[in-house]
Amino acid sequence: MTHRKSLLAVLATATLASAGIGHAQEKPPVKIGFVTELTGAWSFFGTSCVAGLKMAEKTLNPPGKRKIEFVIADDQTSPAQAVAASRSLDVQDKVLALSGPTSSDTGLAVYGYAEQNKVPFVVPVAAFPQLTKPGTRYTFRLEPDAVGWGYAISKFVEKQKPGGKIAMIYSDYALMRAITAGIKYQAPRSGLKIVADIAFPQGSNDATVQAAQILAATPDFVMVSGAGGFDNTITNQLLDLGIKPEQIIHPFGITTQVMNWGKRSVGSYYGTFFDSNLDSLTPEGKTFVEEFTAQYDRPPSYGENFCYVTANVIREVIDANPEAADDREKFRDAMSALKTKEKTSGIPIEFDKNGARMEYMYFLQMKEVTAKTYKAKQAFYIEWDPEVIPVYTLVK
Amino acid sequence: MLEIEDLTVRYGPFLAVDHLAMSVGEGEIVGVVGPNGAGKSSIVKAIGGLVAPKSGRLTFDGTDLQSVPTHKRIELGISIVPEGRGLFPRMSVEENLVIAGDPLSDSKRTLRNIERCYVMFPILKERRWQAAGTLSGGQQQMVAVSMGLMSDPRLLILDEPSLGLAPIVIGEIGKALKLLGAEGLTVALFEQNAKLTCNVAERIYILASGAVRHHDRAEDLLNNPEILDHLM
Amino acid sequence: MSDANLIIFLSTISTGLILGSIFALVAVGVTIVYGSIWMPNAANGQFFVLAALLGWTMTVSWGIHPAIAAILVIGVSVPLSYGLEYILVRRFYDVPNRNISYFVLSLGITQILTGIFAATYGRWSDQFQLPPLVSGITFIGPLPVANNRLMVLALALSILAALFALLRYHRYGRAIRAVFQNRDAAALRGVNVKASYSLSFALGNAVIFAGGILFALAYSFDLTVAWTMSITAFAIMIIGGPGSVLGAVIVGMVFGFTQAAVSTVASPTIAAFSYLGAMLLILLFKPSGLFAR
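What you see is a predicted model; the values in this text were computed from it and never measured. (Residues numbered from 1 in each chain as written. Chains lettered and ligands numbered in written order. Predicted model: local features only at pLDDT ≥ 70, side-chain atom pairs only at ≥ 80, totals over all residues.)

K.L.:
Got a minute to help me understand the overall build of chain C in this structure?
P.N.:
When its secondary structure is counted, chain C shows 11 helices and 2 strands. Listing the helices and strands of chain C from first to last along the sequence gives α-α-α-α-β-β-α-α-α-α-α-α-α. A globule of 293 residues ought to have a C-alpha radius of gyration of about 19 Å, and chain C, at 19 Å, matches this closely. In chain C, which comprises 293 residues, the proportion classed as buried is 57%. (Helix = DSSP H or I, 4+ residues; strand = E, 2+ residues; numbered from the N terminus. Rg over C-alpha atoms; globule rule 2.2 N^0.38 Å. Buried ≥ 20, exposed ≤ 12 C-beta atoms within 10 Å, placed from the backbone.)

K.L.:
What is the right way to read the overall build of chain B from this model?
P.N.:
A count of helical and extended segments in chain B gives 10 helices and 10 strands. Computed over C-alpha atoms, the radius of gyration of chain B comes to 17 Å, within 12% of the 17 Å expected from 2.2 N^0.38 for 232 residues, which places it in the range of a compact globule. For the C-alpha atoms alone, the extent of chain B along its principal axes is close to 45 × 40 × 35 Å. Across the 232 residues of chain B, 45% fall into the buried class. Taking the contacts inside chain B whose residues are at least 6 apart along the sequence as the reference set, 67% of them involve residues at least 24 apart. (Contact = placed C-beta atoms within 7 Å.)

K.L.:
Quick question: what am I supposed to make of the sheet that holds strand β7 (residues 193-200) of chain A here?
P.N.:
Within a beta sheet, neighbouring strands are joined by backbone hydrogen bonds and run either parallel or antiparallel to one another. All names here are of chain A. Strand order in the open sheet formed by 7 strands is β7-β6-β8-β9-β10-β13-β14, with mixed pairing between adjacent strands. What marks the edges here is a single partner per strand, and that holds for β7 and β14 (374-384). Here the strands of the sheet are splayed against their neighbours by 20° on average, with no regard to which way each runs. Summarising the sheet, strand β13 (residues 359-369) and β14 pair through 10 bridges and their orientation is antiparallel. Residue pairing across strands places F363 opposite F380, the latter belonging to β14. Its contacts with the sheet put helix α9 (residues 230-240) on β6 (165-171), β7, β8 (221-225) and β9 (248-250), and the angle it makes with β8 is roughly 155°. (Pairing = 2+ DSSP bridges. Axes fitted to C-alpha atoms, helices over the stretch in contact; angles between N-to-C directions.)

K.L.:
Could you clarify how one ought to interpret the sheet that holds strand β5 (residues 139-141) of chain A in this entry?
P.N.:
All names here are of chain A. Overall, parallel pairing links the 5 strands, which are arranged β2-β1-β3-β4-β5 in an open sheet. Where the open sheet ends on each side, the last strands, each with one partner, are β2 (68-74) and β5. The average undirected angle you get between the axes of adjacent strands in this sheet is 25°.

K.L.:
Whenever I open this one, the interface of chain A and chain C confuses me. Can you help?
P.N.:
Interfaces are often sized by the amount of accessible area the parts lose when they come together. Counting from both sides, the interface comprises 34 residues of chain A and, opposite them, 37 residues of chain C. Counting only elements with at least two residues in the side of chain A that touches chain C, the list comes to α3 (43-60), β7, α8 (208-216), α9 and α10 (255-261) of chain A. Sorting elements by how many residues they give to the side of chain A that touches chain C places α8 of chain A first, with 7 residues. Partitioned by chemical class, the residues of the side of chain A that touches chain C number 12 nonpolar, 19 polar and 3 charged. (Nonpolar A, V, L, I, M, F, W, Y, C, P; charged D, E, K, R; others polar.)

K.L.:
How should I be thinking about helix α1 (residues 40-48) of chain B in this particular structure?
P.N.:
What sets the pattern is the α-helix's 3.6 residues per turn: residues three or four places apart point alike. Residue and element names in this part refer to chain B. Across the 9 residues of α1, 9 count as buried, placing the element largely inside the fold. Those residues of α1 lying buried are K40, S41, S42, I43, V44, K45, A46, I47 and G48. Two residues or fewer after α1 comes G49, characterised by a positive phi angle close to 90°.

K.L.:
How should I be thinking about the confidence of the model for chain B in this particular structure?
P.N.:
Detailed reading of predicted coordinates is not advised where the pLDDT is low. For chain B, per-residue confidence averages 90 on the pLDDT scale, and residues scoring 70 or more make up 99% of the total. Averaged pLDDT values over the elements of chain B bottom out at 73 in helix α10 (residues 225-231) of chain B and peak at 95 in helix α3 (residues 93-101) of chain B. (pLDDT = per-residue confidence, 0-100.)

K.L.:
In this structure, what is going on with the interface of chain C and chain B? I would like to understand it.
P.N.:
Counting residues at the interface gives 15 residues for chain C, matched by 20 residues for chain B. When contributions to the side of chain C that touches chain B are tallied by element, the ones reaching two or more residues are α6 (171-181) and α7 (183-188) of chain C.

K.L.:
Teacher, can you tell me more about the packing of α6 of chain C against helix α8 (residues 193-218) of chain C here?
P.N.:
A pair of packed helices is captured by two measures, namely the crossing angle of their axes and the spacing between those axes. All names here are of chain C. In contact at an axis separation of 10 Å, α6 and α8 are set at 105° when each is read in the N-to-C sense. As summarised for this structure, α6 and α8 are arranged roughly perpendicular, according to the angle between their axes. Judged by residue contacts, Y172, A175, I176 and V179 of α6 engage V193, S196, L199 and S200 from α8. (Parallel < 35°, antiparallel > 145°, perpendicular 65-115°, else oblique.)

K.L.:
Looking at this structure, I do not really get the nonpolar core. What am I missing?
P.N.:
It is characteristic of soluble globular proteins that their nonpolar side chains tend to be buried jointly. If you look at the biggest cluster of nonpolar residues, it comprises 288 residues, and the most contacted ones within it are V222 of chain A together with V28, A52 and I213 of chain C. If you count residues domain by domain, this core takes at least three from each of domain 1 (22-144 + 281-357) and domain 2 (146-272 + 361-394) of chain A. Dropping the residues within four chain positions of it, A52 of chain C is found in contact with F128, G212, I213, F215, A216 and F221 of chain C. (Core = buried A, V, L, I, M, F, W, Y, C linked by C-beta atoms within 7 Å. Domains from an automatic or database assignment.)

K.L.:
Before we go on, may I ask you to explain the packing of α3 of chain B against helix α6 (residues 137-150) of chain B in this structure?
P.N.:
All names here are of chain B. Interaxial distance between α3 and α6 falls to 7 Å at its minimum, and their mutual angle equals 30°. In terms of orientation, α3 lies roughly parallel with respect to α6. α3 and α6 meet at a crossing whose hand is right-handed. Where α3 abuts α6, its residues V93, N96, L97, A100 and G101 lie against V143, S146, M147 and M150. (Left-handed = near helix turned anticlockwise from the far one by under 90°.)

K.L.:
What am I meant to see in helix α5 (residues 147-169) of chain C here?
P.N.:
All names here are of chain C. With 23 residues, α5 extends 32 Å between its outermost C-alpha atoms, agreeing within 8% with the 33 Å of an ideal straight helix rising 1.5 Å per residue. Residues of α5 that are buried: N148, R149, L150, V152, L153, L155, A156, I159, L160, L163 and L167. Of the surrounding secondary structure, the elements contacted by the buried residues of α5 are α1 (3-37), β1 (137-140), β2 (143-146), α6, α8 and α10 (245-265). (Expected span 1.5 Å × (residues − 1).)

This is the structure:
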């Protein structure tokens, strides 16, 4: 916080207090249920998200504004648990809205509950397209959908190497299937050729042979996306066999992943929606990166950012529509009509009739990896309408 | 050497050995004969520590056996060749002998004892690398007796060594036992085959239903076969 | 053969060897424990991952050299095994149908460890990667292979060889095998059966731990590996014949090659099912397993 800002805050508080206008504080806080992955397979993402949320909470409730309180519940990365937690937050805590899931599986579970019970649901980080399928009314999603990422990857390759050849090697999870469905749809339309398409079942541990097959297919770019630790195995085995880092595109990269790919991956590309190395960071975005890095010893990436932004979006909607703080329908309408920008990067936020966001994606190239941080450079940026490709029919 | 007093062994409601007393003296060859189910194997198991007696006292050279864990009894000098021969069927003949010599903790003595077994049963030397379980019944019994001898015991106890063997092989086993007795080894032979036992042993206990029915010198029994016929 | 095809062919072989030797280690550990104390240890996959996680903490968090960490991890398994044996496992030694009790017990251990791992290590589950034992690359024909993985292969094979030597030529090893084959006869030959049980349990787990730490040195891993490894180790043990160490080694190596070869000619997904298919087919003709005794 700059000196001027804090001075303003003090002044504002003093004015409010002396004028005796304390009635805003008398109203009970607005509760938001935050169902996320604190344990289980996806907990590395859920805990990052909560870290981003906590950063937002530091400045979320200045004096004089209606207090917003996040009630955090662990869904153990289990859809059943996510529904149970949603119900408890809805019925017992009487939250205004739900938020929190960072995995598509738990996200879809909460989606079902929210749509059925008319609870507004703000999805911070979950990319499966069906979260905003046509007819969706109460769900709003900040993260672009994964089929769209496939579209963006094809566009990126088209720009880097017109008529290029793409190989795909990935774990057979819903998220990766959505990404590759987008690539398969868009690649021929972008004049690209898919020369290899290798999917691994859950629990795979070796990719040497497949790396050799990829090498034999002589692609210009390789899209690599393994689940969990297997991502590193695939990446390293490709590099071992002589695929160059500059040929590798990871569809998404968060800080820990980039650090895991490490020095030998310098030169490779990854997709993202927010990164500490973006050129377009706002002053608040820079502060967010600095304070987060100071506290957690690593820079934040898009997971933390989406959760940080989620808190701020809710604040903004309630500030602009005080009556939405106690009425779910009004909150939903206000979300639907929202036109704003991410405070951290200035990217516009607005939702279409299904709650899908006007989409965008960055591609960064890794430049340097040190003990606690890394440097990357923006290589490509693209924005598109969510339905530029038939996302909801490509993946069911 | 071995004193058994008032031994009772029960398996649930079934009384296998009933207040039995017997003894084996140093240098003796003692036979214990009785029909199937007379309690012979239960006595052997009690001596070996494989079953816990319900009551009674077992002493070996004055040591109370019940205070000695099963695996330590061989170190006292008691070696038991159990019913069914107690081989390790998937190991070679030689490995069976090596294991049986392990309680000595002396590889030189083990090697010497193996050679001694091969002298006694030359066929085993030919078959030394064959898995013990693939040998004929007679050869398996030779391995079993050899194993019993590997630990240089002072008392060798054999349970039903003649079971399932051809008469000619039984004769050979009998000869070997007599030879061992002549060398000063104490032997207790638990057998259904009264003829073999009387040929080998000096003193005979006749068992029925877990108790001693008759006790006599082997010569006397051989001279009065009607006693044997009557008791068995 | 073109260079590209030669690379695919050679990588199939190298992968088969490395994976096969690690599969063999884990399956041998499982089969030793099953053969001696009748415990079908469903928690083997969790033990495997525990070793990998300990190795990760020691190297990445504490900065210990991976070679020393590997020795420490295997060493740590010994008191852990003896502790578990003392508290739980030995209580069942005289239960006649203890294999089913043990199976349920080990499923319980699996659940507990899964929960503990998720709570303690879950949030790093995308970053389990150990520093290599050695750096550099060796070319086998046109195929580059990381020296680290060659080292892992050499260590896995040496551990298997040492284990064979122990079981065959050492008194304790002979005792373990004797107890496998005839428990009462072994007792009469002076083998302390219960001590041999404890030793087999510790030895089997040490081998599983060795498999886990070597795997972690060769590959990145995550918590889901536990389940895959459990199933694989059980399948290997059943095909090889429960209790047969030789069977576990041979079938483990065959599994490694099968995975590599099937995923080359078909796909990795089909390769994952090919095990279970092979298991069913073999059990159809030889229900007791290939090397059953």
